[in-house]
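Overview (structure and organization)
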Amino acid sequence: MEIFTCDIEPFDIKKPKPDRDDVHLKDVRQVMSLLACIGGREAPYDDVQVGAFLEEEKAKDYFVARTEQGEIVGVAVLAPVEDSEGRQISLEGLAVNPFHRRKGIGSGLFIETIRRARGWQYDEMVLIVSAMLRGIAERAGAKTYTAGNGVVHATVDLRAKAA
């Protein structure tokens, strides 16, 4: 059995290192392509679209999963919930490259977002879950419920003791 390893790290979309600008833009395009899987954005992206994305997303926190070769194969996006008085954070997106699914990357990203949000002193994480993410969320302790419109929501109590 092949063992797949990857590193999960914060990804600062706002400030590329000056000596890595081309690499940073390549990484941003990889992130955008992964998010297209869940958000309906079209790829490939020209410089104007990348610039608009960077401006639009600058208040959010990104985490990426990279292979040993540096390829981004997963991404998670966190953003504070407006009007929650700083108590709630939203997992706005979690996507894994289809060729790298079922290897624990999504679970790793989800658990890392919980760990970070706890460290930032949020009380609760909220998210809308797909069928794929529902199992990951429930295994990580999220409470799920189905709204009247059939959309599945989840909440994670970040004040609860970490498992």
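Note that the structure is a prediction, hence the values are computed from the model and not measured. (Residues numbered from 1 in each chain as written. Predicted model: local features only at pLDDT ≥ 70, side-chain atom pairs only at ≥ 80, totals over all residues. Heavy atoms only, no water.)

Attention now moves to the packing of helix α3 (residues 105–119) against helix α4 (residues 131–139). Viewed as axis vectors pointing N to C, α3 and α4 meet at an angle of 50°, and their least axial separation amounts to 10 Å. One way to sum up the angle between α3 and α4 is to call them oblique. The hand of the α3/α4 crossing is right-handed. Along the contact surface, α3 presents G106, S107 and F110, while α4 presents L133, I136, A137 and R139. A class-by-class count of the residues in the contact of α3 with α4 yields four nonpolar, two polar and one charged. (Axes fitted to C-alpha atoms, helices over the stretch in contact; angles between N-to-C directions. Helix = DSSP H or I, 4+ residues; strand = E, 2+ residues; numbered from the N terminus. Parallel < 35°, antiparallel > 145°, perpendicular 65-115°, else oblique. Left-handed = near helix turned anticlockwise from the far one by under 90°. Contact = heavy atoms within 4.5 Å. Nonpolar A, V, L, I, M, F, W, Y, C, P; charged D, E, K, R; others polar.)

Here the structure, examined in full by the defined rule, presents five salt bridges. With a closest N to O distance of 2.8 Å, R115 and E112 form a salt bridge. Separated by three residues within a single helix, R115 and E112 lie in helix α3, roughly one turn from each other. (Salt bridge = Lys/Arg side-chain N within 4 Å of Asp/Glu carboxyl O.)

A few words on α4. All of the buried residues in α4 are L133, I136 and A137. The buried residues of α4 occupy an angular sector of 100° when projected down its axis, which confines them to one face. Turned more than 90 degrees away from the buried face of α4 sit A131 and R139, all of them exposed. Of the surrounding elements, those touching the buried residues of α4 are β4 (88–96), α3 and β5 (124–128). A positive backbone phi angle near 100° is found at G141, which sits one or two residues after α4. (Buried < 20%, exposed > 50% of the residue type's maximum accessible area, 1.4 Å probe, protein only. Arc of directions from axis to C-beta.)

Further remarks concern unusual backbone geometry. One non-glycine residue with positive phi stands out, namely R102, at about 65°. Relative to the assigned elements, R102 resides in the loop between β4 and α3. Using a relative accessible area of 84% as the deciding quantity, one classes R102 as exposed. Positive phi, close to 70°, is recorded for Q121, a residue that is not glycine. Topologically, Q121 is positioned in the loop between α3 and β5. Under the relative-accessibility criterion, Q121 is labelled exposed at 62%.

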